[in-house]
Amino acid sequence: MSVHPSQDERRYDVVVIGGGAAGLSGALTLGRARRSVLVIDAGEPRNAPAGGVHNYLGHEGTPPGELLATGREEMRRYGGEIVAGRVVTAERDGDGFRVVLDDGGEVRAARLLVTTGLVDELPEVPGLAGLWGSDVLHCPYCHGWEVRDQAVGVLATGPAAVHQALMWRQWTKSVTLLLHTAPEPSDEEYEQLAARGISVVDGTVSALESENGRLAGARLERGTLVPVQALVVAPRFTARAGFLGSLGLEASEQEMNGMVMGTRIPAGPTGQTAVPGVWAAGNVTELAEQVIGSAAAGLRAAAAINADLIAEETRAAVEARRADFSDASDVSDGADVSRFSDVSGFSPEAERRVSERVLGIRRHGL
């Protein structure tokens, strides 16, 4: 379903770009705040290969697709709408925004909430991508329990590899650090690895080998097969945010443990970006966020957006009231009091005089 001007000229309060946990949570919150909301979703959830969502209280082990389906249903219950499509550009449109989709459709909004997530750029090792999300993993809190006590290999591609190996040692005693393309550990790191019983294997990994659809081991260039049941990698996390360039909002690099993790859209605690009227939530701005955190971030951003809209609407109401105000001294009993508010005539004293003239003894509920 696409949104074209000929189909829907309505300007939404908020357009949410991205229909994952952050986006649907934000849309649900805004719908319950009686805002008009449209979610635009490209249908490419990052966690689609995973068997279940973990560490989400009340939803432990729920398949990702099932969680999203439930979220869509809940969001629609409060008037939210969702369309399938990919946003190619977002532009200023007066005091709001114009969002253009890849099929030429467009929609307008007073505010934007960007929840497009990120793309995992995997190491280029033959056989690796096909096992991503099942036997090739990156987050111990997401998948550590599922591979507990198994033989786990860590594919070292940067300086954070030793940290990864020490982390995964919490879930299994059988951890092997495959040095691959990473720098050799320092003497201190070698001591830490030895103390934790973590094996270190030199050499570049040329391919992963599978048996009956499951990982069997990592083949080194020299021919040796290192048997592992799961392989830990460190993807580069790239924010899906190219369409924001037209608003002057660019992604920046984020580091952890001296290594560039990837790119993100910078945003404050409530998700507000450097561009007024644009908020971001979830993995597009917090690369290490898990599903439950992304959902919470969507709620926080939605509350901030609603507060911003309330402030704008209040300013507009005050300006309209002042524009219609007439001199309080001209007010008589039975006069139309809807006109009282003039920039020059408005004051607490004028309001008191209006109340006394019009309400008399009936003021204050008497």
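### Some remarks on the layout of surface pockets
Taken as a whole, the second largest pocket holds about 340 Å³ of empty space. Surrounding the second largest pocket, 16 residues form its lining, Ser-25, Leu-28, Tyr-56, Glu-74 and Ala-295 being those nearest its centre. For the lining of the second largest pocket, the secondary structure elements donating two or more residues are helix H1 (21-32), helix H2 (64-77) and helix H6 (291-323). Split into classes, the residues belonging to the lining of the second largest pocket amount to 9 nonpolar, 6 polar and 1 charged.

### Here we look at the environment of Val-278
For Val-278, the location among the structural elements is in strand S19 (residues 278-280). Accessibility expressed as a relative area gives 0% for Val-278, which makes it buried. Along the chain, Val-278 and Leu-249 lie 29 residues apart, while their C-alpha atoms are 9.5 Å from each other. In contact with Val-278, not counting residues within four places along its chain, are Phe-97, Leu-112, Val-114, Leu-247, Leu-249, Gly-271, Gln-272 and Thr-273.

### Quick word on the nonpolar core
Formed by 26 residues in total, the largest nonpolar core has its most connected members in Val-15, Ile-40, Val-99, Leu-112, Leu-244 and Val-278. When residues of this core are traced back to their parent elements, those giving at least two are strand S1 (11-17), strand S2 (37-41), strand S4 (87-93), strand S5 (96-101), strand S6 (106-114) and S19. The element best represented in this core is S6, accounting for 4 residues. Leave out the neighbours within four places in its chain, and Val-99 touches Val-15, Ile-17, Ile-40, Val-87, Thr-89, Gly-105, Glu-106, Val-107 and Leu-112. With 21 residues, the next largest nonpolar core counts Val-37, Trp-279, Ala-281 and Ala-301 among its residues.

Scoring rules and cut-offs
Residues numbered from 1 in each chain as written. Predicted model: local features only at pLDDT ≥ 70, side-chain atom pairs only at ≥ 80, totals over all residues. Heavy atoms only, no water. 1 Å grid on protein atoms, 1.4 Å probe; cavity = no way out; pocket = protein on both sides within 12 Å on 5 of 7 lines; lining within 4 Å. Points joined across faces, edges and corners; volume = space filled by probe spheres on them. Helix = DSSP H or I, 4+ residues; strand = E, 2+ residues; numbered from the N terminus. Nonpolar A, V, L, I, M, F, W, Y, C, P; charged D, E, K, R; others polar. Buried < 20%, exposed > 50% of the residue type's maximum accessible area, 1.4 Å probe, protein only. Contact = heavy atoms within 4.5 Å. Core = buried A, V, L, I, M, F, W, Y, C linked by side-chain atoms within 4.5 Å.

That's the geometry; what it means functionally is another story.
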